[in-house]
Amino acid sequence: VGRAVGRSVITPLVLFAFAPCTATLAEEERTFSTPDHPVGEFVQYQMDTGALSNHSERSAVVFAHAVHVPDAVWIRLYFSTVTLDPGSLVRMTSLHDGEVQELGPDGLSMWSNSSAYFNGDTVLFELLAGPRATGVRLAIDQVAAEIASPLPEGSSGQCGICGADDRTLSTEDWACRLMPVGCSASIYNTESCAVTAGHCTTSGLVVQFKVPASLPFCDTVNPPVNDQFPVVTFQKQESGVGKDWGVLTIGSNGLGERPFDRYGVYRPIATGPAAAGNPAEIVGYGVDQTCTKSQVQQRSPGQITDVNSASYETNCDVRNGSSGSPLIVNNRIVGILTHCSTNCPPNYATRTDVGAFVTARAAVCPTCLGDLNGDGKTDQSDLGILLASFGCTAGIGKCPGDVDYDGDTDQTDLGALLAGFGCN
Ligand SMILES: [Ca+2]
Ligand SMILES: [Ca+2]
Ligand SMILES: [Ca+2]
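As the structure is a prediction and not an experimental result, all values here were calculated from the model.

What's the story with the overall build of the protein in this structure? I'm lost.
Counting secondary structure elements, the protein contains 5 helices and 25 strands. For a compact globule of 424 residues, the expected C-alpha radius of gyration is about 22 Å, and the protein comes in at 22 Å, within 12% of that figure. The dimensions of the protein, computed from C-alpha atoms along their principal axes, are 70 × 55 × 35 Å. When the accessible surface of the protein is summed, it comes to about 16,500 Å², and 52% of that surface belongs to carbon and sulfur atoms.

Rendered as structure tokens:
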């Protein structure tokens, strides 16, 4: 077994990789912008294991190297070369909190040849070669890191805050932070598919749940590795108010779980349109004047203030980082927050019943009515879940047999499941 000591060259500085996209349109006296809030920066980092072999009959660490970025509060690794046989894997460990991620070739592919987000300035990288593996090799050409502390943002009068800032901390396990674009997204079905804004949608995204409080200097903190999931496929439109939406499919964490498997909750897409005056709320990860709450989940109460053909207007407070948040009416997603205005209200959300958005959801994430366990088919096991839950009235997200997601398991749910029975 050969064990190599890694050599690396760090070039700190460089590239703000994700230019904040603030398309500003003047209409009357209002300015609109898209409230995303990209997080971190790319740092050039050269590391190459070279081609390595394991001559033993057991898996062995053939290469180890501490990836260290001075002053980083977190690190994500990006691999430029991946040559791994199925028996080999990369193990990455945060020296800050001990969080571990192991990825074999399939896992690396699902993660777009990158890692989860690790807290702290050092990640131990280990290459484990499988029995008799030959020619395994990994190379890193850059890492993402958060180095400089952001300034507090999000006071009254800034784009998206209507009057007082009425947001309060919340803990919904279907609402996630989208990294590194600094947006928000929602799980909307048992298949763990997500909706967000089109201007937030690109390749290599990671969704994070159970996001911890940010640091006193506004730096973001990452949840445990198993509360992070890669975005695998997507469709999007990105053409301004009412034409800005994204649909995402989500991969699995280190336990083989997708978000619905892990948390058991989602918020469905509304079946009909909302009306002006409807009470509404937005749940998202906007920046905040109070650093510990910045890019941490908050809910914002308000209402639908106007209905347009492709968008809703709302007075729910949002800030940069809120892009892609769901606009919720009666526990259902009626819109996707995409634009804020400086003289709020209104903030704007793309309607979820826009034709192209409906079509994209059906194409990216076909679903079976009554698929309660999210395995892509409606069969005996779903019926079993429903019958075991029959009579439950515990509320939204709390009854496992609640096909129509109205907070109970009853005859209506059974009828719906039977209508979908056999779908696969
Ligand atoms: Ca307000
Ligand atoms: Ca099923
Ligand atoms: Ca029900």
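Teacher, can you tell me more about the packing of helix H4 (residues 380–389) against helix H5 (residues 411–420) here?
Each pair of packed helices can be summarised by the angle the axes make with each other and by the distance between the axes. Viewed as axis vectors pointing N to C, H4 and H5 meet at an angle of 180°, and their least axial separation amounts to 11 Å. Taken together, the axes of H4 and H5 lie roughly antiparallel to each other. Here Asp382, Leu383 and Leu386 of H4 lie close against H5, whose contacting residues are Asp413, Leu414, Leu417 and Leu418. Across the contact of H4 with H5, the residue classes break down as 5 nonpolar, no polar and 2 charged.

How should I be thinking about the coordination of the calcium ion (ligand 2) in this particular structure?
Each pair of donors in an ideal octahedron of six around a metal sits at 90 or 180 degrees, and each pair in an ideal tetrahedron of four sits at 109.5 degrees. At 2.2 to 2.5 Å from the calcium ion (ligand 2) lie its protein donor atoms, namely Asp371 (OD), Asn373 (OD1), Asp375 (OD), Lys377 (O), Asp382 (OD) and Asp382 (OD). Seen from the calcium ion (ligand 2), its 6 donor atoms lie at angles of 52 to 160°, and the figure they make is irregular. The class for Asn373 is partly exposed, based on a relative accessible area of 25%.

Before we go on, may I ask you to explain the coordination of the calcium ion (ligand 1) in this structure?
For the calcium ion (ligand 1), every protein donor is listed as Cys162 (O), Ala164 (O), Asp166 (OD), Asp317 (OD) and Asp317 (OD), and the spread of their distances is 2.4 to 2.6 Å. Positions of the donor residues of the calcium ion (ligand 1), expressed as sequence spacing, correspond to C-x1-A-x1-D-x150-D. Linking Ala164 in the loop between strand E12 (137–146) and strand E13 (168–169) with Asp317 in the loop between strand E22 (311–314) and strand E23 (326–329), this pair joins segments that are 153 residues apart in sequence. Under the relative-accessibility criterion, Ala164 is labelled partly exposed at 46%.

Sorry if this is basic, but what is going on with the environment of Trp74 here?
Positionally, Trp74 belongs in strand E7 (residues 74–83). Taking the C-alpha atoms as reference points, Trp74 and Asn222, 148 residues apart in sequence, are found 7.8 Å from one another. Not counting residues within four places of it along the chain, the set of residues in contact with Trp74 comprises Val39, Gly40, Tyr117, Phe118, Asn119, Gly120, Ala144, Ala145, Glu146, Met179, Thr220 and Asn222. Within the structure, the side chain of Trp74 is placed 3.1 Å from the side chain of Glu146, a separation counted as a polar contact. Looking at Trp74, its side chain comes within polar contact range of the side chain of Thr220, at 2.9 Å.

Honestly, the state of the cysteines in this entry has me stumped. Any pointers?
Throughout this description, disulfide means a covalent bond between two cysteine sulfur atoms. All chains considered together, the criterion is met by 7 disulfides. Cys162 shares a disulfide with Cys344; S-S distance 1.6 Å. Here Cys344 lies in the loop between strand E24 (332–341) and strand E25 (347–351) and Cys162 lies in the loop between E12 and E13, a separation of 182 residues in the sequence. Owing to a relative accessible area of 11%, Cys162 belongs among the buried residues under this scheme.

Sorry if this is basic, but what is going on with the pairing of strand E11 (residues 122–129) here?
Looking along a regular strand, one sees side chains alternate from face to face of the sheet. Among the 8 residues that make up E11, 7 are buried, leaving the element largely enclosed by the rest of the structure. In this sheet, E11 lies alongside strand E6 (residues 60–68) in antiparallel orientation, the contact comprising 8 bridges. In the sheet register, Ala64 faces E11, and the bridge partner there is Glu126. When strand E8 (residues 89–94) meets E11, the two strands line up antiparallel, connected through 6 bridges. Across the sheet, the residue bridging to Val90 is Leu127, located in E11.

In this structure, what is going on with the nonpolar core? I would like to understand it.
What tends to happen in soluble globular proteins is that the nonpolar side chains get buried as a cluster. By size, the foremost hydrophobic cluster in this structure holds 39 residues, and its most contacted members are Leu77, Phe79, Phe125, Leu127 and Val143. Not counting residues up to four positions away in its chain, the partners in contact with Val143 are Glu41, Phe42, Val43, Tyr45, Val67, Val69, Ile75, Arg76, Leu77 and Tyr78. Listed in part, the 38 residues of the second largest apolar core include Cys176, Leu248, Phe260 and Cys365.

The rules behind each value
- Residues numbered from 1 in each chain as written.
- Chains lettered and ligands numbered in written order.
- Predicted model: local features only at pLDDT ≥ 70, side-chain atom pairs only at ≥ 80, totals over all residues.
- Heavy atoms only, no water.
- Helix = DSSP H or I, 4+ residues; strand = E, 2+ residues; numbered from the N terminus.
- Rg over C-alpha atoms; globule rule 2.2 N^0.38 Å.
- Areas by Shrake-Rupley, 256 points an atom, 1.4 Å probe, with all protein chains shown as cover.
- Axes fitted to C-alpha atoms, helices over the stretch in contact; angles between N-to-C directions.
- Parallel < 35°, antiparallel > 145°, perpendicular 65-115°, else oblique.
- Contact = heavy atoms within 4.5 Å.
- Nonpolar A, V, L, I, M, F, W, Y, C, P; charged D, E, K, R; others polar.
- Donors = N, O, S within 2.8 Å, 3.2 Å for Na, K, Ca; no water.
- Tetrahedral: all angles 85-135°; square planar, octahedral: opposite > 155°, others 65-115°.
- Buried < 20%, exposed > 50% of the residue type's maximum accessible area, 1.4 Å probe, protein only.
- Polar contact = N/O pair within 3.5 Å; in protein donor to acceptor, adjacent residues only side chain to side chain.
- Disulfide = S-S within 2.5 Å.
- Pairing = 2+ DSSP bridges.
- Core = buried A, V, L, I, M, F, W, Y, C linked by side-chain atoms within 4.5 Å.

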